[in-house]
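Descriptive analysis of the structure
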Amino acid sequence: QGILIETEFKLELEAPAMNEIYKHFGCENIRFVVPYALVIREFLKANGLLSKGKGIVFLDHLGKLMLLTIYKDNSFTTPRRLGVNNKRLIDEISRSQKNYRDLNENEKDIEFLIITNSSEIRQEIIQSGSEKEENVIFIDDAYPALTGLRTGKFSMYYMLPEQFLRVRKLKLLKRQRK
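Scoring rules and cut-offs
- Within every chain, residues take consecutive numbers counted from 1 along the sequence as written.
- Per-residue local features are limited, in this predicted model, to residues with pLDDT of at least 70; the limit for side-chain atom pairs, both in listing and counting, is 80 or more; totals at the level of whole chains, interfaces and linings are taken over all residues.
- Side-chain calculation: all heavy atoms of the structure are included, whereas hydrogens and water are not.
- Relative accessibility under 20% of the residue-type maximum defines a buried residue, over 50% an exposed one, and the middle range a partly exposed one, all with a 1.4 Å probe and only protein chains included.
- Numbering goes from the N terminus for both helices and strands, where a helix is a DSSP run of H or I of at least four residues and a strand is a run of E of at least two.
- Each C-beta atom gives one direction from the helix axis, and the arc is the one those directions make.
- By the convention used here, residues are in contact when the closest approach between their heavy atoms is within 4.5 Å.
- By the convention used here, strands pair only if DSSP detects at least 2 bridges between them.
- Here the aromatic set is Phe, Tyr and Trp, taking the six-membered ring for Trp, and pairing holds for ring centres within 6.5 Å; pairs whose planes are under 30 degrees apart are stacked, those over 60 apart are edge-to-face, and all others are tilted.

Some details on helix H5 (residues 144-151)
- Among all positions of H5, only Pro144, Ala145, Thr147 and Gly148 are buried. One side of H5 carries all its buried residues, which in axial view fall inside an arc of 160°.
- If you follow the buried residues of H5, they end up packed against helix H2 (36-46) and strand E3 (54-62).

Notes on the pairing of E3
- Looking at chain direction, E3 and strand E7 (residues 111-116) are connected through 6 bridges and run parallel. In the strand pairing of E7, Ile56 is matched with Leu113.
- Inspection of the sheet shows E3 paired to strand E4 (residues 65-72) by 7 bridges, in the antiparallel sense. Following the sheet pairing, Leu59 is matched in E4 by Leu68.
- Between E3 and E4, which pair antiparallel in sequence order, lie 2 residues; one of them, Gly63, sits at a positive phi of approximately 80°.

Quick notes on the packing of aromatic side chains
- In this structure the tally under the stated criterion is 2 aromatic pairs.
- Judged by centre distance (5.9 Å) and plane angle (50°), the ring pair of Tyr71 and Phe76 falls under tilted.
- The class for Tyr71 is buried, based on a relative accessible area of 0%.
- The exposure class assigned to Phe76 is partly exposed, which follows from its relative accessible area of 32%.

This is the structure in structure tokens:
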């Protein structure tokens, strides 16, 4: 049994995942659930970093791990976890870009900007010679997901499928009475 989350597009979260969230925060403390990649996309929009025609490889440095997500217009990939001490970071970025191109055959020639919240990672990428300096952007925000959550305008709520069906039936009954 899943929990339905209403947004501009429908997302479904499985009950075990939602139960895990409830276990940590408690039911009464959760108003809505927003996917990480959606929050980062809002952060990028608010800062004018979403580029038409170019894809974005976003590297979120979170202490001992890093999340890599690719954005293109309104779509995004599932975030991948990478270790910060990953000696093959450049290879991982290249591999992710190649995978994106392979999955989106109509965008074989897409160019990417790399955006990160770690100046060390930015320097590592530039020093490797894999990207030009103007294609690697540093943002000075330790927690861009929290900033995106604050600045984004999310109209989401969740309910059990049974509740959703009950609300739908009530709306139909109201329309029929008119």
